[in-house]
Amino acid sequence: MKFITTLFVLVASITLSTASDFDYCNHFCAHSALLNETSGSVGSVGRTSFYFADGQFPPSVYNAQDGVCGLTVNLANDYITITGVVYATDPSTGFFLNIQGRRVATTEPMLELSSASYKANGGSIDPSTWYQYSLVSGALTGFGAYQNTMIVLAESMHPLQLGYGANGKNYNLGISAWFDYNIDGKMYMSDINVDIVCKDYICVPGFNLTNAEDNYAVTYKSSNTGVDTKYTFVDPTGVFVEDAQLASAVIGGQIRRSDQSSLDQCNLAMLFTRDYTYNTPHKELPSSSYKENGGSIDTSLWRYYQLTSASIECPTFSTSIATYEGMDLQVGYGANGKNVNFGASAWFEYNNTANGQIIDRGILDINVDLICGPLSPTPAPTLAPTPAPTPVPTLAPTPVPTDAPTPAPTPVPC
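Residues numbered from 1 in each chain as written. Predicted model: local features only at pLDDT ≥ 70, side-chain atom pairs only at ≥ 80, totals over all residues. Heavy atoms only, no water.

> Would you explain the overall build of the protein in this entry?
The secondary structure content of the protein amounts to one helix and 26 strands. A separation of at least 24 residues holds for 66% of the contacts in the protein among residues at least 6 apart in sequence. Of the roughly 18,400 Å² that the protein leaves accessible, carbon and sulfur atoms contribute 53%. (Helix = DSSP H or I, 4+ residues; strand = E, 2+ residues; numbered from the N terminus. Contact = heavy atoms within 4.5 Å. Areas by Shrake-Rupley, 256 points an atom, 1.4 Å probe, with all protein chains shown as cover.)

> Would you mind showing me how to read the packing of aromatic side chains here?
The relative placement of two aromatic rings is captured by the distance of their centres and the angle of their planes. Scanning all chains against the criterion turns up 24 aromatic pairs. When the centroid spacing of 5.0 Å and the interplanar angle of 50° are considered together, the rings of Phe52 and Phe57 count as tilted. Of the two residues examined, Phe52 and Phe57, each falls in the buried class. The rings of Phe50, Phe52, Phe57, Tyr62, Phe95, Tyr146, Phe179, Tyr181 and Tyr188 are connected pair by pair, giving a single aromatic cluster. (Phe/Tyr/Trp six-rings, centres within 6.5 Å; stacked < 30°, edge-to-face > 60°. Buried < 20%, exposed > 50% of the residue type's maximum accessible area, 1.4 Å probe, protein only.)

> Just to check I follow, could you spell out the side chain of Thr319 for this structure?
Mapping Thr319 onto the fold places it in strand E22 (residues 318-323). Among the polar contacts listed, one links the side chain of Thr319 to the side chain of Tyr220, at a separation of 2.8 Å. Aside from chain neighbours lying at most four places away, what touches Thr319 is Tyr220, Ser311, Ile312, Tyr350, Asn351 and Asn352. (Polar contact = N/O pair within 3.5 Å; in protein donor to acceptor, adjacent residues only side chain to side chain.)

> Explanation requested: the pairing of strand E23 (residues 329-333) in the structure shown.
The side chains of a regular strand alternate between both faces of the sheet. When you tally the buried positions in E23, you get four out of five residues, the bulk of the element. Looking at chain direction, E23 and strand E24 (residues 342-354) are connected through four bridges and run antiparallel. Looking at the pairing, Val331 lines up with Ala344 of E24. (Pairing = 2+ DSSP bridges.)

> Sorry if this is basic, but what is going on with unusual backbone geometry here?
For the bond from Pro58 to Pro59, the omega torsion is 15°, close enough to zero to count as cis. Among the secondary structure elements, Pro59 is positioned in the loop between strand E4 (50-52) and strand E5 (61-62). One non-glycine residue, Ser60, adopts positive backbone phi at about 75°. Relative to the helices and strands, Ser60 resides in the loop between E4 and E5. Note on Ser60: relative accessible area 10%, which makes it buried. Phi is positive for Met157, close to 65°, though the residue is something other than glycine.

> Quick question: what am I supposed to make of the pairing of strand E13 (residues 173-183) here?
Burial within E13 is extensive, with eight of its 11 residues counted as buried. Pairing of strand E11 (residues 154-155) with E13, which is carried by two bridges, proceeds in the antiparallel orientation. Across the sheet, Ala154 pairs through a bridge with Asp180, a residue of E13. Judged from the four bridges that link them, strand E12 (residues 160-164) and E13 form a sheet pairing that is antiparallel.

Okay, here's the thing in structure tokens:
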């Protein structure tokens, strides 16, 4: 019981600063922001990712490639990093883009939508929830017609802003920023306007666990008897908590038998470390559910965690757990193996012991939905192990490759 006792603390000890929806995600795919007439944007360019406002580098409008995550946005440790490729109408010409900013206190935002769009005037867009970032570094490196062209960006007018309606084009979650750049001693302007879509969903301070199917979340598949014994989390104790860098995680809570043949409650605690090399999704849904077969589930967006330690303590027995055939815990949409919801699943080997003797062994299966929201005021796990180190953005941009990418489909003209 010592392991369980030291692992659990009250959720009341977890404090959460004012959170917006985009606090739940650290990794995004960026796409050209489409001008929405109902938003009343003052912008004149209908669709753009990066725009040279003074007619430089014709055709001046450059877009991220449709259908792929060719332009990414990462948030970590108060830094934002935007990297990827933007293309001209001719996809053989474009720029490699690398921008990094550091979060600053929100100042006067750049408001480009109609005044009626904003909360102060009865609208839905609240600029007070936006994040702002001062430019640390920014560069574009050309290819195709602009091979060997390097453009160094400087902050102009306002910090980069992130939030709903912040792209200045529509009400979507997005980003906008204005930049200056120098050519032969003369200053010109450019800007970025993108929608962003969550690539790596994270919930602060953690997820509540619910059964992914029927009335069970944990299944003991006994090798001794061939009988499956199903358990459910005792509402609302089950939680899944990841650290801010998605480098470690825990599952914790109380479980009891789904058939209620026994109302005894067991304490479950599992610690995990992010596995960046594992890439073997366990697919249990119909094949038509997955992206490669026309479905909505994209397993390339799942993240994986390797078991570090685990224990289940019940009144009449204890369960020790080990990894099953090298399988990791998988997290993502459809990862629970039961439905297309955001969830998690994993298989483990287990031994049940009582009075020092092994009384059962087999496979333990977890299938849960992960519901983002305030954690209930019940015991929840802490991230006891030291998180695995993750790369922290440096103040200098990563060198940008100079070779031209494979030509992409021609973007829709602006």
